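Here is how the chains run, residue by residue.
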Amino acid sequence: MWASTHNQTLYEKMSSLVDALYDCQKKIGTGYLSAFPPEFFDRFEAIQSVWAPYYTIHKIMAGLLDQYVLAGNVKALQMVVGMTDYFGNRVKNVILKYSIERHWTSLNEETGGMNDVLYRLYSITNDPKHMVLAHLFDKPCFLGLLAVQADSLSGFHSNTHIPVVIGAQMRYEITGDPLYKEIGAFFMDIVNSSHSYATGGTSVSEFWSDPKRLAETLSTENEESCTTYNMLKVSRNLFRWTKEMAYADYYERALMNGVLSIQRGREPGVMIYMLPQGPGQSKARSYHGWGTKFDSFWCCYGTGIESFSKLGDSIYFEEKGTAPSLYIIQYISSSFNWRSAGVALSQKIKFVSSFDPYLQISIRILSNQSTSQSSTLNLRMPSWTSLDGANVTLNDQNLPLPYPGNFLCVARNWTSNETLTLVLPLKLRTEPIKGQ
Ligand SMILES: [Zn+2]
């Protein structure tokens, strides 16, 4: 949120939080940093019951790394490196004293996300130790089945394994190994074709169940909200690499249904764990139900509050190349300073009620310099709309439209005060649930 607002109060809060954690880590003196004691990892490594300590460690490391990457906090980077050395030694000890099998077995607890944060760290430090540790958290028994394209997600804990795939995607970005790109695409494909509700959400009681048997799973315990948060990351990466509309459509569907719906009305801090999908079920009367403003902090509280702080994410994507080119994949009121084209965009959406037949978008382009180069705006024509009644104008002039599911590309030397207006029909439709 600070990266998009540069709000001074936020900056002071996040910096003082890093300072306080730095003091804690220094006092512990080993590189370890957590509110629970390191003995939890003795139990974890002995395959004894201990819940999910690496889940929290990943969140602390990812947050600190963001402090460095987004806000330039060098102290935070040193802290992540200290934590990585500590856990690297622990993993090495397990392998040397016991066996690699023991390490792999320990990964059956919630360790997803560790590979992702370690690959991200390696991309900054280029320290081979960080790459080795990232590989050791790649969980071959899961990535292996995706590599041979088996639709065998049933029985796996969803929110542990989606982050393992995000880590694999990061492995592709760093090593260029196409296998890890394919793993992400195949995973997205089977989650969508076999394990997703019409909302775009997935999981029942935190797990995946039998493929294409979703009708039998409708209850209050569907769609752990963390899983949607993580699937957005998978689809975002796939869109960045392929520019395929299916991933942009997915992003919107999951964001609208599975993120905006997890906060109760306009009450920040009142979040929900699961999204009930069963007929007649209610968010207010479910096993997990709504949390409280200050006294709840389960996993989905972390990801939920983070989700609401990054609603401006993944609206605009810039394409690298000689001529500026921008993809607008989400229609959300926002502004964007498109530096490479020398223009500022202001996007406004007319509020939609359930009886409105159209989504109406207006994009104003402001340029404070005369540019001689042509820049391309690629506007998403969502797959859910129809050409029947659709209309897009540039300064009151109608533009020819592509079929829904494609981008409308407008290349132009933009001058100041131009306006694009999109009127997209909203159609009611049904989607059958997979099941018997
Ligand atoms: Zn969760």
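Look above for the structure.
Residues numbered from 1 in each chain as written. Predicted model: local features only at pLDDT ≥ 70, side-chain atom pairs only at ≥ 80, totals over all residues. Heavy atoms only, no water.

1. Observations concerning the overall build of the chain
Within the chain one finds 14 helices and 10 strands. Reported as C-alpha extents along the three principal axes, the dimensions of the chain are approximately 75 × 55 × 45 Å. Considering only residue pairs separated by 6 or more positions, the chain has 65% of its internal contacts joining residues 24 or more positions apart. For the chain, the accessible surface area stands at approximately 20,900 Å², while carbon and sulfur atoms represent 53% of it. Looking at the chain, you have 38 positive and 39 negative side-chain charges, and the mean spots of the two groups are 4 Å apart. (Helix = DSSP H or I, 4+ residues; strand = E, 2+ residues; numbered from the N terminus. Contact = heavy atoms within 4.5 Å. Areas by Shrake-Rupley, 256 points an atom, 1.4 Å probe, with all protein chains shown as cover. Lys, Arg positive; Asp, Glu negative; His and termini not counted. Charge placed at Lys NZ, Arg CZ, Asp CG, Glu CD.)

2. Some points on the sheet that holds strand β3 (residues 334-338)
What the 6 strands build is an open sheet, ordered β3-β4-β5-β10-β7-β8; its pairing is antiparallel. The open sheet terminates on both sides in strands that have one partner only, identified here as β3 and β8 (397-398). Note: strand β5 (residues 358-367) against strand β10 (residues 418-425), 8 bridges, orientation antiparallel. Residue pairing for β10: Ile365 is matched across the bridge by Glu418. (Pairing = 2+ DSSP bridges.)

3. Remarks on helix α12 (residues 225-242)
In this model α12 runs 26 Å from its N-terminal to its C-terminal C-alpha over 18 residues, within 8% of the 26 Å that 1.5 Å per residue would give. Among the 18 residues of α12, 14 are classified as buried, and the element is accordingly described as predominantly covered. Just past α12, the residue Lys243 takes up positive phi, approximately 60°. (Expected span 1.5 Å × (residues − 1). Buried < 20%, exposed > 50% of the residue type's maximum accessible area, 1.4 Å probe, protein only.)

4. Structural notes on the packing of aromatic side chains
Applying the stated rule across the entire model yields 24 aromatic pairs. Each member of the aromatic cluster is reached from another via a ring pair, and the members are Tyr32, Phe36, Phe40, Phe41, Phe44, Tyr54, Tyr86, Phe87 and Phe137. Positioned above the aromatic ring of Phe40, the side-chain terminus of Arg43 is 5.2 Å from the ring centre. In this structure, Arg102 packs its charged tip against the face of Tyr98, placed 3.8 Å from the ring centre. (Phe/Tyr/Trp six-rings, centres within 6.5 Å; stacked < 30°, edge-to-face > 60°. Lys NZ or Arg CZ within 6 Å of the ring centre and 35° of its normal.)

5. Quick word on the nonpolar core
Counting 64 residues, the largest nonpolar core has Phe142, Leu146 and Phe187 as the members making the most contacts within it. The residue makeup of this core includes at least three contributed by each of domain 2 (138-314) and domain 3 (318-425). Ignoring any residue separated from it by four or fewer positions in sequence, one finds Phe187 in contact with Phe142, Leu146, Leu153, Ile162, Val165, Trp208, Met231 and Val234. Membership of the second largest hydrophobic core comes to 35 residues, among which are Leu64, Met83, Val117 and Leu136. (Core = buried A, V, L, I, M, F, W, Y, C linked by side-chain atoms within 4.5 Å. Domains from an automatic or database assignment.)

6. Some details on the layout of surface pockets
Gaps between atoms show up when a probe of the same size as a water molecule is rolled over them. Volume-wise, the second largest pocket comes out at about 230 Å³. Looking at the second largest pocket, the residues that line it are Thr84, Asp85, Gly88, Asn89, Lys92, Ile95, Lys129, His130, Val132, Leu133 and Leu136. Going through the elements one at a time, α5 (74-97) and α8 (128-136) are the ones with two or more residues in the lining of the second largest pocket. Per-element accounting of the lining of the second largest pocket gives the leading share, 6 residues, to α5. A breakdown of the residues in the lining of the second largest pocket according to their chemical character gives 4 nonpolar, 4 polar and 3 charged. (1 Å grid on protein atoms, 1.4 Å probe; cavity = no way out; pocket = protein on both sides within 12 Å on 5 of 7 lines; lining within 4 Å. Points joined across faces, edges and corners; volume = space filled by probe spheres on them. Nonpolar A, V, L, I, M, F, W, Y, C, P; charged D, E, K, R; others polar.)

7. Thoughts on the sheet that holds strand β2 (residues 325-328)
Spatially, 4 strands are ordered β1-β2-β6-β9 in an open sheet, and the strand pairing comes out mixed. Since the sheet does not close on itself, it has two edges, and those belong to β1 (316-319) and β9 (406-412), each with one partner. Going from strand to strand, the sheet's axes swing by 20° on average, the running direction of each strand aside. As judged from the 4 bridges shared by β2 and strand β6 (residues 375-381), these two strands associate in the parallel manner. Of the residues in β6, the one forming a bridge with Leu326 is Leu377. Contacts between helix α13 (residues 245-258) and the sheet are confined to β6 and β9, with β6 contributing the most and set at about 60° to the helix. (Axes fitted to C-alpha atoms, helices over the stretch in contact; angles between N-to-C directions.)

8. Observations regarding the coordination of the zinc ion
Distances from the zinc ion to its protein donors, Glu224 (OE), Cys226 (SG), Cys299 (SG) and Cys300 (SG), fall at 2.2 to 2.3 Å. Taken together, the 4 donor atoms coordinating the zinc ion span angles of 89 to 130° at the metal, a pattern that classifies the geometry as tetrahedral. The sequence pattern describing where the donors of the zinc ion fall on their chain is E-x1-C-x72-C-C. The exposure classification of Glu224 matches that of Cys226, with both residues buried. (Donors = N, O, S within 2.8 Å, 3.2 Å for Na, K, Ca; no water. Tetrahedral: all angles 85-135°; square planar, octahedral: opposite > 155°, others 65-115°.)

9. Examining the pattern of salt bridges
Side-chain pairs of opposite charge can arise whenever the charged atoms involved come near each other. In total, this model carries 17 salt bridges according to the counting rule given. A salt bridge links Arg90 to Asp42; its shortest N-O distance comes to 2.5 Å. Remark: Asp42 occurs in helix α3 (residues 39-45) and Arg90 occurs in helix α5; sequence separation between them is 48 residues. Residue classification places Arg90 among the buried residues on the basis of a relative accessible area of 12%. One salt bridge connects Arg412 with Glu418, and the closest N-O pair in it is separated by 2.5 Å. On the basis of relative accessible area, Arg412 is assigned to the partly exposed category, the value being 30%. Here the salt bridges share partners, and the residues they tie into one network are Asp42, Glu45 and Arg90. (Salt bridge = Lys/Arg side-chain N within 4 Å of Asp/Glu carboxyl O.)

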